[in-house]
Structures are given as C-alpha cells and as structure tokens.
Amino acid sequence: MNKLKQEYVNCKKQFYLKNKFNFIMTLIFQVVSAIFNISIALFILLLIESMETKNVDKFKEALVVMVAIIIGFTSSSLFLKFFKNLYMHKALSQLKHYVFNKILNKSIGEFNNASTGKYISAFSNDLNSIELNYLNGNIMIFNYVFMLVVTFIALFRINVIIAFSAFVACIIPISVAFIFGNKLINKEKATSEENASFVDQIKDLLNGFIVIKSFKAEKEVLDLFTEQNFTLEETKRGKREATDMMLMSGQISAFLVICIIFILGIYFTFKGTMTIATVVACVQLSNYILDPIKQLVPLVTSKNAAVALIKKLAVAIEESEETNTSAVLEGLSKGIEMKDVSLKYDDGKIALNNINIDFKKGKKYAIVGPSGCGKSTLLKLLLGHFNDYEGEIKYDDNNLRDISLDSLYDVVSVIQQNVFLFDKSLIDNITMFKDFDYKKVRKAVDLAGLSKLVNEKGNDYSCGEGGRNLSGGEKQRISIARCLIRETPVLLMDEATAALDNATAFQVENEILSMDHLTSIIVTHRLEKNLLEKYDEIIVLNTGKIVENGTFNKLMSNKQYFYSLYNVSKVGIS
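Here we summarise the structure given alongside this text. Each chain has its residues counted from 1, running along the sequence as written. Totals for whole chains, interfaces and linings use every residue, but because this is a predicted model, local features are given only for residues with pLDDT of at least 70 and side-chain atom pairs only at 80 or more, for both listing and counting. Values reported for side chains reflect all heavy atoms of the structure, with hydrogen atoms and water molecules removed beforehand.

**A few points about unusual backbone geometry**
Positioned with a positive phi, Lys-18 is a non-glycine residue whose angle comes to about 50°. A run of H or I in DSSP becomes a helix once it reaches four residues, and a run of E becomes a strand once it reaches two; helices and strands are each numbered from the N terminus. Mapped onto the fold, Lys-18 is located in the loop between α1 (3-13) and α2 (20-38). Residue Lys-18 is classed as exposed on the basis of its relative accessible area of 75%. We note that Asp-340 has phi near 50°; this positive angle belongs to a residue other than glycine. Note on exposure labels: buried denotes an accessible area under 20% of the residue type's maximum, exposed denotes more than 50%, and partly exposed covers the range between, all computed with a 1.4 Å probe on protein chains only. By relative accessible area, Asp-340 is classed as partly exposed at 39%.

Here is the structure:
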C-alpha cells in the first residue's frame, strides 16, 4: 500500500477508533426506529378494518399497536440521538486531532511549500462536508436502504404486482440520477479547491490592508476579489445544478411510485381482490419508498464527493520522505561548520555560492550585506529548511541531512524579524504553553527586559491578535524570552530589530551579545560601531558569496567592501 492510500485509510480509521460501539448502537437504533415508523401502516390497516367491520376488538388492537409504536419510536429515537451524537462527536474530534497533528509534524520547508489556504479550507469547508455527507450520510443511507427493503417486503406480501411495478418505477430515475451524481463528485472537489484559493486570497488581502490603503489600491484589489469570488460562486453554481438534477430525478420517481400504487390499488379494489384498508396501508407504505428515493441518490453521490475530500485531505497531510531522521543532536560541543555550501532557487538563480564558515561554540557572529545577498537563506539552511543544497553543514560531527529536526530544534532557537504572538497571555506566549519552573520564567523575563511590562500588566495580560496590544519592542523581547527560557546553546536572529527604533534595537541586540556561553549568529542591517565591535567575527555577504570576514577593526582597516558598506550606512543615517 502506497503512502497516500495508507494516509487515506488512516483518516477513515479515525471515525471508528474506540468508537465502533457508538457506531453499531447508532445503526441498531436507526433500524428499530425505522421498524416502528413502518409499523404505522399496520396501525392504519387495523384501524380502517375495525371501522369497515365495526369490530371493537380490532379497534382495541389498533389502539394497543398505536401505544406500542409511540413508546417504541420515542424511546428508540432518544437512544438513537444519544449514540449518534456521541459517535459523530468522537469521529470528528479524532479526525481533526489526527489531521492537525500530521500538519504539526511536517518540516518547516515542507509546510512552507504548501498553501495555508488549503489547510484552512480543510478545517472549514471540507470537514463540514465530511461531517454532513460522509458521517451522517452513511447513517442515513443505511437507514433509507433498510427502510426500502422492509417496505418492499411488506408490499410484496400484500400485492406482488403493486410491489414489482413500484420497484421498476424506482430504478429508471435512480439510474439517471447516478449519472448526474458522478458530475457532483467532480464539482464538489472543484469547489473545495476554489474555496482554498479564495481563502488564500482573502488572507493575503487582509494581511496587506495597510499597503492597500497606503497605495490607494482599493479599486484594483476589489477587482481581484471580484474575479476570484465570481470563479468560486460559478463553481458552486455548477455543483448546485448537479444536485438539483438529482433531486428532480428522485421527485419524478416518487411521483411515479405514488401514482402506480393509487391506480393499481383502485383497480384491484374494483376487482374485489383488495380492501380499501389494504390500499390505504399501501399508500402509507409508499411514504417509506418516496422519501428514500428522493434522498438516497443525493446522499450516495454526496458521500462519494466527501470520500474525494477525504482523499484530498490525505494528500494535504501526507508527509514527504524524511531523510534527516537518524542522528539525534544532544547539544553543541564544538560548533557549526558550513563547507563548500551552495544553493539554487527553484528558478535556477544562485542563492548561496561556495560558503565556507566555521561557527565556534560560544562565539558571536554578525552576518551583514545588502538586501537579497543571501543572509536569511543562510539562516534557513542552518535550521534545516532546505535539503537540496550542495556541500556539507555539520553540527559538531553530525551532518545536518542526517540530524532529526526535532533534536535540531532542541539545540537551536531563532528570533525572526516578524514575531508571531498568539492571542493569549504574556506568560503563555513566553512559555509557548509549556510548564516551566517559575524561577526559570522570571529569569528569562528579566534577561529579556520584560520585568517592567510583566509587573505593570500582569502575567495574564492578553497580547491580542498578532500581539496588537504590545509595541514592536515588547514583542521582540517576548521572542527573546522564548529563546532564553529554552536555554538552547545556539541562537539565530534574522534582522529581528529591523522594525524597532534605534534605542530599543540597540538594547535588544546588546542584551543578546552580553549572554555568555551562547553561540549567536545574527543577521543585521544596523551597522552600529558599539555593537559590531562586540562580535567575534563579522561575515560580509554579497550576491550569495562571502566577500570578507573578520573583526570590526580588521574589516575597517582593510578598507574594502565592508568599509564602503559601513560608510554608506553612516551617510544614510546622517
């Protein structure tokens, strides 16, 4: 079994994992409810026969049957409701837990290559469809099939010709409906894909709201939205048309069945081979043919469409072959070495070219250079985002390609330019929802310069969506505290102070440089002498190559590329 098929099977297993009892009990009480429902025809037959024959005993018998039906149907419906809700709750909870866990287990590079809109659509549109059309659909299909079988058995016992004629009347429209059902499966899948694209666009446009307003691009952005919105709604219209055609086929079939039962019933009554009571019972039984006919085809095709969505979900969460799973990195005793490392983008453009660096344990390194020279890409390589690079990257004596990413992230922490904060408390955002010793938390808070904020606002102060209740400096300090509390031996920082004012940026970077025993590799665009002098080595990149490296004083005395870069930055500031 290939990985994709196995993932599809695993997704379906979540519905029944420690949930089979609830599912079986749901089907049992669905059957019991259907039997009591169909028994109404028996009650009507007895009631009318008692009226025709003026038989009091038969009338009493009809009343007993009525009470039994009411008690039986009510109790079985209550049990059905209980077990069905329990089954649905557990099935959906387990599927969502499984899917989200699989997403969390993806590597950063693998996640970045996917569309987040695809995942959002899966947790909204797709899972709603799976709940309605697969989980509930399976139960309803079972119910209607059982109801049809029992009803036709009852009809065949009453009159073979009526039963056979009604059966033929069902087959032809149902066959036509299944043709449109195949179209619905394709339409459902297309709608899911268009919805994912629509969610992606909405996310982009809302994230870029400030840019849109600043450049007065409202009209152009509205045109983009309108086009994507029209495409989505046009796809949904096609799905609705296919659904309507199936419903229409079911309604035509239902009409034929009721006409046949009435016409043949009247004919056999005229011939004296059927009583009026029997005809009325047949008409009552026809209700349990009409409803399944109208509902079964849409249910079956919608279920098949939901199966396609489960397969689509399996594709979304399927993990690529992970090569770096053998070695476990337990710390850093020597350092990090990049030897003859080169990397190309997907379009063939060179990102890094023949990089050779030896980051010694406990030393501080600054990576500088113009925009687009490969600084951020270098850090991403160290974090294991790419596997298609040439050369070697080693943590101590371990090749990065052979290191488990889980163990890598136990050794390396990263502070990025764009700090992401959850809409949770200050402490939750610092601890990332983990349990740490209180003294360790306070130490990280103090070292990151957050003591004043925590003392003023309190541990439970909400950071707001995206950290909107905090300043840029406060958010960066939280990201520093996150790293410090983990006490990893390596810290990477990617232009984390770019959005901060000069004073705050200086404080943040200076605090990191003052931390002993921490191997710090910092990408920075701020060429401040007082800070640069504290680095053990400055690595200068240009067009993906290392053009210079050394201490601040050495590079300044060389009067080469860094010297020019530094002086240009001073001119820009002045």
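Moving on from the coordinates now.
**Brief notes about the pairing of strand β8 (residues 519-523)**
Among the 5 residues of β8, 5 are classified as buried, and the element is accordingly described as predominantly covered. Residues of β8 alternate between two faces, with Thr-519, Ile-521 and Val-523 on one and Ser-520 and Ile-522 on the opposite face, all of them buried. The sheet contact formed by strand β3 (residues 364-368) and β8 spans 4 bridges and is parallel. Considered in β8, the bridge of Ala-366 is made with Ile-522. Only strands that DSSP links by at least two bridges are regarded as paired with each other.

**As for a nonpolar patch on the surface**
Taken together, Phe-59, Leu-63, Met-66, Val-67, Ile-70 and Ile-71 make up a surface patch of nonpolar side chains, about 500 Å² in accessible area. Along the polypeptide, Phe-59 turns up in helix α4 (residues 56-104). Two joining distances apply to patches: 9 Å for like charges and 5 Å for nonpolar side chains (Val, Leu, Ile, Met, Phe, Trp, Tyr), and every residue must have over 30% relative accessible area and no salt bridge. With residues, only the protein chains shown are counted as cover, and all accessible areas are computed by Shrake-Rupley using a 1.4 Å probe. Each reported salt bridge corresponds to a side-chain nitrogen of Lys or Arg within 4 Å of a carboxyl oxygen of Asp or Glu.

**Details of the pairing of strand β4 (residues 390-395)**
Pairing geometry for strand β1 (residues 335-344) and β4, over 5 bridges, is antiparallel. Across the sheet, the residue bridging to Glu-337 is Lys-394, located in β4. Sheet analysis places β4 next to strand β5 (residues 398-399), joined by 2 bridges and oriented antiparallel. Each residue of the ladder has a partner; that of Lys-394, found in β5, is Asn-399. The antiparallel pairing of β4 with β5 creates a hairpin that spans 2 residues between the two strands, and Asp-396 there sits at a positive phi of about 55°.

**Side note on the environment of Phe-262**
Assignment of secondary structure puts Phe-262 in helix α9 (residues 218-271). Its relative accessible area of 40% is what places Phe-262 among the partly exposed residues. Residues Phe-262 and Val-99 lie 163 residues apart in sequence; the distance between their C-alpha atoms is 52 Å.

**Description of the nonpolar core**
Counting 43 residues, the largest nonpolar core has Leu-450, Ile-538 and Phe-562 as its most contacted members. A total of 6 residues in this core trace back to one element, the largest contributor, which is helix α16 (residues 472-486). Note on contacts: a residue pair qualifies if any of its non-hydrogen atoms lie within 4.5 Å across the two residues. Ignoring anything within four residues of it in the chain, the contact list for Ile-538 reads Ala-366, Val-368, Leu-532, Glu-548, Asn-549, Gly-550, Thr-551, Phe-552, Leu-555 and Phe-562. Within the second largest apolar cluster, 34 residues are counted, among which are Ala-351, Leu-383, Val-411 and Val-412. Residue types Ala, Val, Leu, Ile, Met, Phe, Trp, Tyr and Cys, when buried and joined through side-chain atoms within 4.5 Å, form a set referred to as a nonpolar core.

Any functional reading would require information that these geometric values do not contain.
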